[in-house]
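As a plain string of letters, each chain reads:
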Amino acid sequence: MAAYTILTDSCCDLPAELAAELELEVLPLRLEMSGSTYRNYLDGREIGFQEFYSRIRGGENAVTSAVSVGDFETAMRAVLDRGEDLLCICFSSALSATYQSASIAADSLREAYPDRTLYVVDSLCASMGQGLLVWLCAQEKRNGKSIHEVRDFAEQQKGSICHWFTVDDLYHLKRGGRVSATTALFGTMLSIKPVLHVDTEGRLIPMEKARGRKASLTALVDQMEETAVSPGYQTVFISHGDCLDDAKFVASEIRRRFGTQNIIIGYIGPVIGSHTGAGVVALFFTGSSR
C-alpha cells in the first residue's frame with residue numbers, strides 16, 4: 001500500500017500537539033486585524049489565542065481569508081515530490097473558499113503527477129467538527145486503511161459529525177449576518193443565548209434560544225443526548241473562545257450523563273473566533289444525524 005499524508009487547514013482547530021501526533025500537514029488561513037495580517041497556525045505562533053480574544057473583547061474586528069491556491073499547490077507538491085499520495089480534508093465549502101482553492105490546486109497537479117493519488121474532501125464541517133472528522137480519518141489510517149478507504153470513510157462519516165454551539169455575545173453573529181440587529185439588541189437585553197449548529201450542507205444555522213448562559217451550555221448536552229451514537233464510548237471534542245471554565249462545565253455534564261471518558265478540549269482559533277467572538281463554546285460528537 002502506498003504511503004500517504006492527510007492534509008487539512010487550520011479551521012480544524014485541533015490542539016497543535018494532537019495534530020503533530022497524528023502526523024497531519026496543516027495549512028493556516030489568514031486574518032487581518034488593525035492593519036496587520038496573521039496566519040492562523042494551530043500553535044498560535046503569529047497571534048496567540050488569549051491575545052486574539054483580548055483584542056476582540058477590546059473592540060477590534062478581524063477580516064479572514066481562505067488558504068490560497070498557491071499555498072495549497074506548494075504544500076501538495078512537497079508531499080507528492082517525496083513519493084506519497086495525498087488526502088486533503090477542507091473547511092466547509094459553505095463557509096469558506098478554502099475547499100475551492102484546494103480543488104483547483106489538486107486539478108493543476110494531477111496531470112504533473114499521474115502516478116500519485118490526490119483526493120480533496122469537502123468536510124462540510126467547521127472548527128473541531130472538522131478536527132473530529134480528521135481525527136477519525138487519522139485513526140482509520142493508523143488501522144491500516146488505504147487512502148481510497150479513508151477517503152470513502154470521510155465522505156460517509158462527515159454527515160454524522162454533529163456541531164452544536166452557543167455564544168455569549170451576539171455582536172459578531174450580527175456583524176456576520178447570522179442574526180438581525182433587532183435580535184441582537186433584545187437578546188443582549190434579555191440575556192437570550194442562541195444555540196446554533198452546522199447543518200448537512202455545512203451552513204451555520206440558529207436552532208433555538210436559551211435564557212442565560214448556563215441554560216445555553218446545558219442545551220448543547222441536551223442535543224447530544226438526542227442524537228449521539230453510543231455517547232459513553234466515543235471521543236468528544238469541545239472548543240471554546242477563551243472560556244475554558246465553561247468548556248469544562250460542558251465536559252463535566254457529558255461525563256455525568258453518559259460516562260464519556262475521552263473528551264478533548266481546545267481553543268477555537270482566530271479565524272473561526274473572528275466570526276463568533278469571545279465566549280463561544282462548541283460541542284462536537286458523532287450522531288445518527290446532524
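Sequence order sets the numbering: in each chain, residues are counted from 1 along the sequence as written. The predicted nature of this model means local features are confined to residues of pLDDT at least 70 and side-chain atom pairs, given and counted, to a pLDDT of 80 or more, with totals for whole chains, interfaces and linings taken over all residues. As a rule here, side-chain values cover all heavy atoms of the structure and leave hydrogens and water aside.

Q: So what's going on with the overall build of the chain? Residues and values would help.
A: Numbering goes from the N terminus for both helices and strands, where a helix is a DSSP run of H or I of at least four residues and a strand is a run of E of at least two. Within the chain, the secondary structure is distributed over 11 helices and 13 strands. Here the radius of gyration uses the C-alpha set of atoms, whereas the globule reference equals 2.2 Å times the residue count to the power 0.38. Here the chain has a C-alpha radius of gyration of 19 Å; the compact-globule value for 290 residues is 19 Å, and the two agree. Across the 290 residues that make up the chain, the buried fraction comes to 56%. Any pair of residues with heavy atoms lying within 4.5 Å of one another is described as a contacting pair. Within the chain, residue pairs in contact and separated by at least 24 positions form 75% of the contacts whose partners lie at least 6 positions apart. Total accessible area computed for the chain in this model is approximately 12200 Å², and 48% of it derives from carbon and sulfur atoms. Treating the 28 positive side-chain charges of the chain as one cloud and the 36 negative ones as another, the clouds have centres 5 Å apart. Classification of residues uses two cut-offs on accessible area relative to the type maximum, computed with a 1.4 Å probe and protein chains only: under 20% is buried, over 50% is exposed, and between them is partly exposed. In these tables, accessible area is a Shrake-Rupley quantity obtained with a 1.4 Å probe, and a residue counts as shielded only by the protein chains included in the view. The positive count covers Lys and Arg only, the negative count covers Asp and Glu only, and His and the chain ends enter neither. For charged residues, the charge sits on one atom: NZ in Lys, CZ in Arg, CG in Asp, CD in Glu.

Q: For the packing of helix α3 (residues 69–81) against helix α4 (residues 98–110), give the residues involved together with the corresponding values.
A: Note on definitions: angles span 0 to 180 degrees between N-to-C directions of axes, and those axes are lines fitted to C-alpha atoms, for helices only across the stretch in contact. Where α3 meets α4, the closest approach of the two axes is 8 Å, and the angle between their N-to-C directions is 50 degrees. What the angle tells us is that α3 and α4 run oblique. Here α3 and α4 pass one another in a crossing that is right-handed. Only T98, S101, A102, I104, A105, A106, S108 and L109 of α4 make contact with α3, whose side of the interface consists of V69, F72, E73, M76, R77 and L80. Gly is placed with the polar residues, together with every amino acid not listed as nonpolar (Ala, Val, Leu, Ile, Met, Phe, Trp, Tyr, Cys and Pro) or charged (Asp, Glu, Lys and Arg). Split by residue class, the contact of α3 with α4 holds 9 nonpolar, 3 polar and 2 charged. The cut-offs work like this: below 35 degrees is roughly parallel, past 145 is roughly antiparallel, 65 to 115 is roughly perpendicular, and the gaps in between are oblique. Helix crossings are classified by the rotation of the near helix relative to the far one: an anticlockwise turn of less than a right angle makes the crossing left-handed, while a clockwise turn makes it right-handed.

Q: I'd like to hear about the packing of aromatic side chains, residue by residue, with values.
A: Stacked, edge-to-face and tilted are the three classes for Phe, Tyr and Trp ring pairs, Trp counted by its six-membered ring, which pair at centre distances within 6.5 Å; planes under 30 degrees apart are stacked, over 60 edge-to-face, the rest tilted. Within this structure, the stated rule accounts for 4 aromatic pairs. Their ring planes at 65 degrees and their centres at 6.1 Å tell us that W135 and F237 sit as a pair that is edge-to-face. Of the two residues, W135 is situated in helix α5 (residues 127–142) and F237 in strand β11 (residues 236–240); the sequence distance between them amounts to 102 residues. Since its relative accessible area comes to 0%, F237 is described here as buried.

Q: Would you mind going over the pattern of salt bridges in detail, with residue names and values included?
A: Any carboxyl oxygen of Asp or Glu that lies within 4 Å of a side-chain nitrogen of Lys or Arg is treated as forming a salt bridge with it. Under the definition given, this model contains 22 salt bridges. E25 is the partner of R82 in a salt bridge, and the nearest nitrogen-oxygen pair spans 3.2 Å. With R82 in the loop between α3 and β6 (85–90) and E25 in strand β2 (residues 25–27), this pair connects stretches of sequence that are 57 residues apart. Its relative accessible area of 43% is what places R82 among the partly exposed residues. The closest approach of N and O atoms between E253 and R256, which form a salt bridge, is 2.9 Å. Of this pair, E253 and R256 both sit in helix α10 (residues 244–258), 3 residues apart, which is roughly one turn of the helix.

Q: Can you lay out the side chain of T5 for me, pointing to particular residues and giving the numbers?
A: By secondary structure assignment, the location of T5 is in strand β1 (residues 4–9). Take T5: its relative accessible area is 5%, and that puts it in the buried class. Contacts described as polar in this section are N or O atom pairs within 3.5 Å, which, within protein, must combine one atom able to donate a hydrogen with one able to accept it, while residues neighboring in sequence count only if both atoms come from side chains. Engagement of the side chain of T5 in a polar contact is seen with the side chain of R82, the distance being 3.3 Å. The residues touching T5, leaving out its near neighbours within four places in the chain, are E25, V79, R82, E84, D85, L86, L87 and K141.

Q: Break down the pairing of strand β13 (residues 281–286) for me, with residues and values.
A: Across the 6 residues of β13, 6 count as buried, placing the element largely inside the fold. Residues V281, L283 and F285 of β13 are buried on one face, and the alternating residues A282, F284 and T286, pointing to the opposite face, are buried as well. Summarising the sheet, strand β8 (residues 161–166) and β13 pair through 6 bridges and their orientation is antiparallel. Bridge pairing in β13 links W164 to L283. Strand pairing is assigned whenever DSSP identifies at least 2 bridges connecting the two strands.

Q: Go over the sheet that holds strand β9 (residues 192–198), please, and point to the residues and values.
A: Across the sheet, 6 strands lie side by side as β10-β9-β8-β13-β11-β12; this open sheet has mixed pairing. In the strand order of this sheet, the two ends are held by β10 (204–211) and β12 (263–267), each with one partner. Neighbouring strand axes in the sheet, compared pairwise and without regard to direction, differ in orientation by 20 degrees on average. Sheet analysis places β11 next to β12, joined by 5 bridges and oriented parallel. When the bridges of β12 are listed, S239 appears paired with G266. Helix-sheet contacts for helix α9 (residues 213–227) involve β8, β9, β10, β11 and β13, and the interaxial angle to β13 is about 10 degrees.

The quantities given are spatial measurements derived from coordinates; they are silent on function.
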